[in-house]
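Summary of structural features
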Amino acid sequence: MSIIEIKNVFKIFGTNTEKALKLVGENNSKEDILEKTGCTVAVNDVSLSIKKGEIFVVMGLSGSGKSTLIRCINRLIKPTKGELLIDGDNIVTMDKESLLKLRRTKMSMVFQHFGLFAHRSVLENVEYGLEVAGIEKEIRVEKAEAAIELVGLKGYENSYPSELSGGMQQRVGLARALANEPEILLMDEAFSALDPLIRAQMQDELLELQTKMKKTIVFITHDLDEALKLGDRIVILGQGGVVRQIGTPEEILTNPADDYVASFIQSVDAAKVIPASAVMKKPQTIVVPKDGIKMAHRKLEQAGLSTLFVTDSDRILKGVVKVDDVVKSVKQNKNNLDEIIDDNVSITQPDTPIADLFATAVTNKYPIAVVDEYHKLLGILTRGTVIAEVKSDYEEVLLSDAEPEPLENRPEKVEEVSNG
């Protein structure tokens, strides 16, 4: 369900916008339009929709119109042409009173520079927007305290900005934006002023917060790594505010729309973004208690495998059985599969980046099991699959540090046979 819909939006700065729009329609360049009209094309025919509850990243270099676009969303800047719908209401034609109500109740903005009042405490800074909105003292303090706790600053309510680190000051700015409980959070280069370590920490904290908040977040950045890390979906804007591609991080990395996008991603390690679900394989399995030792033996023999994954009838992962143990049980005329199940299996979630699984894949004797939140087996990742997806510098680690396992234990054998 879309909460924001942007339909053919243009923003042109200058006085001769009608002529500039005509020239845009004739495919004149941004530079030619500036020369002929004195107008600057900042946003050029942008159409996109943003789903409720997603982090939607607007990515682009300086001059791509990304900050102009986000200011169009709350109409700090009025579009020259087009429609911009928030929950179905076109804010381009909205009157001043309705627009003010929208900004106070439905959306908030976090800027690159914190904009905190030096003479106000953390609590007073956070409740400022509620104060301006005329909320009574008791209620605004309650809301401000809840927002402060949410961003991890409980205990700092009476501190002043000068007593806080840059990351903590940005948390205050975030708490201030969250205090009015908005549905939509607009973040314009919110972490760009922070040093790299604090910036990475704030990115992690925002993702953690989002699991609790479930807000719709529109995040502006010029940093591709940040966009790939945070975005559920990303729009890449080119010079003059033209949309070059919209997609998930994986879609943009694996299928760039044009040379412009390809040039953006050429230095990115795709393994840091591509999730386990994108490359996992369907495993050979046996089900307990329905199947027993003889069925396991039959499946191993037919497929030429050394290992079988074991689940229950609901596909809940139980572990693995090895061919040696199965053969031994058959010879001893045993049929209790539970006795030989090895539950020492590494697991991961489907959205885990492949790069994060490299060390596990190298040292594990079994493939990594990909499971959902209920521990249901979705697929497996063999060591060969993981290594194939990561950069060559990881391969150097493999060659220098990892001890080779016995052939019968190597996950590659499972992969080769099961895919044969």
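These lines cover the structure that appears in this document, whether it is placed above or below. In this text the structure is predicted, and so the values were computed from the model without any measurement. (Residues numbered from 1 in each chain as written. Predicted model: local features only at pLDDT ≥ 70, side-chain atom pairs only at ≥ 80, totals over all residues. Heavy atoms only, no water.)

Remarks on the sheet that holds strand S5 (residues 89–90)
Short version of the rule: What makes two strands pair is DSSP finding at least two bridges between them. Only DSSP runs of H or I covering at least 4 residues are called helices, and only runs of E covering at least 2 are called strands; the numbering of each starts at the N terminus. Residue contacts are counted whenever heavy atoms from the two residues lie within 4.5 Å of one another. Here an angle of 0 to 180 degrees is reported between the N-to-C directions of two axes, which are lines fitted to C-alpha atoms, with helices fitted over the stretch in contact.
Strand order in this open sheet of four strands is S2-S1-S4-S5, and the pairing throughout is antiparallel. The open sheet is flanked by strand S2 (40–51) and S5, the only strands paired with a single partner. Alignment of strand S1 (residues 2–13) against S2, held across eight bridges, turns out to be antiparallel. Along S2, the bridge assignment pairs Glu5 with Ser49. The strands that helix H3 (residues 66–73) touches are S1, S2 and strand S4 (81–86); relative to S1, the one it contacts most, it runs at about 120°.

What about the packing of helix H14 (residues 293–303) against helix H15 (residues 323–331)?
To keep it simple, the criterion reads: Here the word oblique covers every angle except those under 35 degrees (roughly parallel), over 145 (roughly antiparallel) and from 65 to 115 (roughly perpendicular). Should the near helix be turned anticlockwise from the far one by less than a right angle, the crossing is left-handed, and should it be turned clockwise, the crossing is right-handed. Residues are grouped as follows: nonpolar covers Ala, Val, Leu, Ile, Met, Phe, Trp, Tyr, Cys and Pro; charged covers Asp, Glu, Lys and Arg; every other residue, Gly included, is treated as polar.
Two numbers describe how H14 lies on H15: the axes approach to 9 Å, and their chain directions differ by 130°. Classified by the angle their axes make, H14 and H15 are oblique. Like other packed secondary-structure pairs, H14 and H15 cross with a definite hand, here left-handed. Across the interface between the two elements, Ile293, Ala296, His297 and Leu300 from H14 touch Val323, Val326, Val327, Ser329 and Val330 from H15. When grouped by side-chain class, the residues that make up the contact of H14 with H15 number seven nonpolar, two polar and no charged.

As for the pattern of salt bridges
As a reminder of what qualifies: Criterion for a salt bridge: a side-chain nitrogen of Lys or Arg within 4 Å of a carboxyl oxygen of Asp or Glu. Accessible area is worked out with a 1.4 Å probe on protein chains only. A residue is then buried under 20% of its type maximum, exposed over 50%, and partly exposed in between.
Per the counting criterion, the structure on display carries 14 salt bridges. The salt bridge partner of Asp188 is Arg71, with a shortest N-O separation of 2.5 Å. Of the two residues, Asp188 sits in strand S7 (residues 184–188) while Arg71 sits in helix H3, which places them 117 residues apart along the sequence. Exposure remark for Asp188: the relative accessible area of 6% places this residue in the buried category. Across the pair Glu127 and Lys137 runs a salt bridge, and its minimum N-O distance is 3.5 Å. You can see Glu127 sitting in the loop between helix H5 (122–126) and helix H6 (128–132) and its partner Lys137 sitting in helix H7 (residues 137–150), a full 10 residues away along the chain. Because the salt bridges share partners, they merge into one network encompassing Asp87, Lys106 and Glu183.

Topic: the sheet that holds strand S12 (residues 307–311)
Pairing is mixed across the open sheet formed by three strands, whose spatial order is S11-S12-S13. The open sheet has two edge strands, strand S11 (285–287) and strand S13 (317–322), and neither has a second partner. Direction aside, neighbouring strands of the sheet carry axes that sit 30° apart on average. Two elements, S11 and S12, share three bridges in a ladder whose sense is parallel. Looking at the pairing, Thr285 lines up with Phe309 of S12.

Quick look at the pairing of S7
Keep this limit in mind: The crossover handedness rule: strands pointing away from the viewer, path from first strand over the helix to second strand clockwise, crossover right-handed.
With five of five residues buried, S7 is to be regarded as a mostly interior element. Neither face of S7 is left uncovered, since the one carrying Ile184, Leu186 and Asp188 and the one carrying Leu185 and Met187 both have all their residues buried. For the crossover from S7 across helix H9 (residues 196–213) to strand S8 (residues 216–221), the handedness is right-handed.

Considerations on the nonpolar core
Under the convention used in this document: Only buried residues count toward a nonpolar core, which is a set of Ala, Val, Leu, Ile, Met, Phe, Trp, Tyr and Cys residues joined through side-chain atoms within 4.5 Å.
Residues Val126, Met187 and Phe219 are the most contacted members of the largest nonpolar core, which totals 48 residues. If you tally residues by element for this core, the top one is helix H8 (residues 166–178), at six residues. The residues touching Phe219, leaving out its near neighbours within four places in the chain, are Phe56, Val57, Val58, Met187, Ala190, Phe191, Leu206, Glu226 and Leu230. Counting 31 residues, the second largest nonpolar core, distinct from the first, contains Ile6, Val46, Leu102 and Leu186.

Re unusual backbone geometry
For Asn8, which is not a glycine, the phi torsion comes out positive at approximately 50°. Its location among the elements puts Asn8 in strand S1. Phi is positive for Glu181, which is not a glycine, with a value near 55°. With respect to the helices, strands and loops of the structure, Glu181 is situated in the loop between H8 and S7.

Thoughts on the packing of aromatic side chains
What counts here: Side-chain rings of Phe, Tyr and Trp, where Trp is taken by its six-membered ring, are said to pair if the distance between their centres is within 6.5 Å; with planes under 30 degrees apart they count as stacked, over 60 as edge-to-face, and otherwise as tilted. Only lysine NZ and arginine CZ atoms are considered, and such an atom sits over a ring when it is within 6 Å of the ring centre and within 35 degrees of the ring normal.
One pass over the structure, following the stated rule, counts two aromatic pairs. Ring plane angle 55° and centroid distance 5.5 Å describe the contact between Phe191 and Phe219, whose orientation is recorded as tilted. Of the two residues, Phe191 sits in the loop between S7 and H9 while Phe219 sits in strand S8, which places them 28 residues apart along the sequence. Sitting above the plane of the Phe117 ring, Arg120 keeps its charged end 5.7 Å from the centroid.

A closer look at a negative patch on the surface
Condition: Patches draw on residues past 30% relative accessible area with no salt bridge. Two like charges within 9 Å are joined, as are two nonpolar side chains (Val, Leu, Ile, Met, Phe, Trp, Tyr) within 5 Å. Reported accessibility uses the Shrake-Rupley method at a 1.4 Å probe radius. Residues are deemed covered only where the shown protein chains occlude them. Charge convention: Lys and Arg are scored as positive, Asp and Glu as negative, and His as well as the terminal groups of each chain are ignored. All charge positions are set by atom: Lys at NZ, Arg at CZ, Asp at CG, Glu at CD.
A cluster of like negative charges, contributed by Glu136, Glu138, Glu142 and Glu145, occupies part of the molecular surface. Along the chain, Glu136 falls in the loop between H6 and H7.

Focus on the state of the cysteines
As a reminder of what qualifies: Any two cysteine sulfur atoms within 2.5 Å of one another count as a disulfide.
Under the criterion given, the structure shown has zero disulfides. Here Cys39 stays unpaired: no disulfide links it, and the sulfur of Cys72, its closest cysteine neighbor, is 15 Å away. Given a relative accessible area of 0%, Cys72 falls into the buried group.

Re the environment of Asp188
We apply this condition: Here a polar contact is taken to be a pair of N or O atoms separated by no more than 3.5 Å, where protein atoms must pair a possible hydrogen donor with a possible acceptor and residues adjacent in sequence count only if both atoms sit in side chains.
Along the primary structure Asp188 and Ser67 are separated by 121 residues, whereas in three dimensions their C-alpha atoms are 6.6 Å apart. With residues up to four places along the chain from it excluded, the contact list for Asp188 reads Ser67, Ile70, Arg71, Met109, Val110, Phe111, Gln112 and Ile220. A distance of 2.5 Å separates a polar atom in the side chain of Asp188 from a polar atom in the side chain of Arg71.

Structural notes on the side chain of Asn364
Relative to the elements of secondary structure, Asn364 occurs in the loop between helix H16 (358–363) and strand S15 (368–371). Within the structure, the side chain of Asn364 is placed 2.9 Å from the side chain of Ser346, a separation counted as a polar contact.

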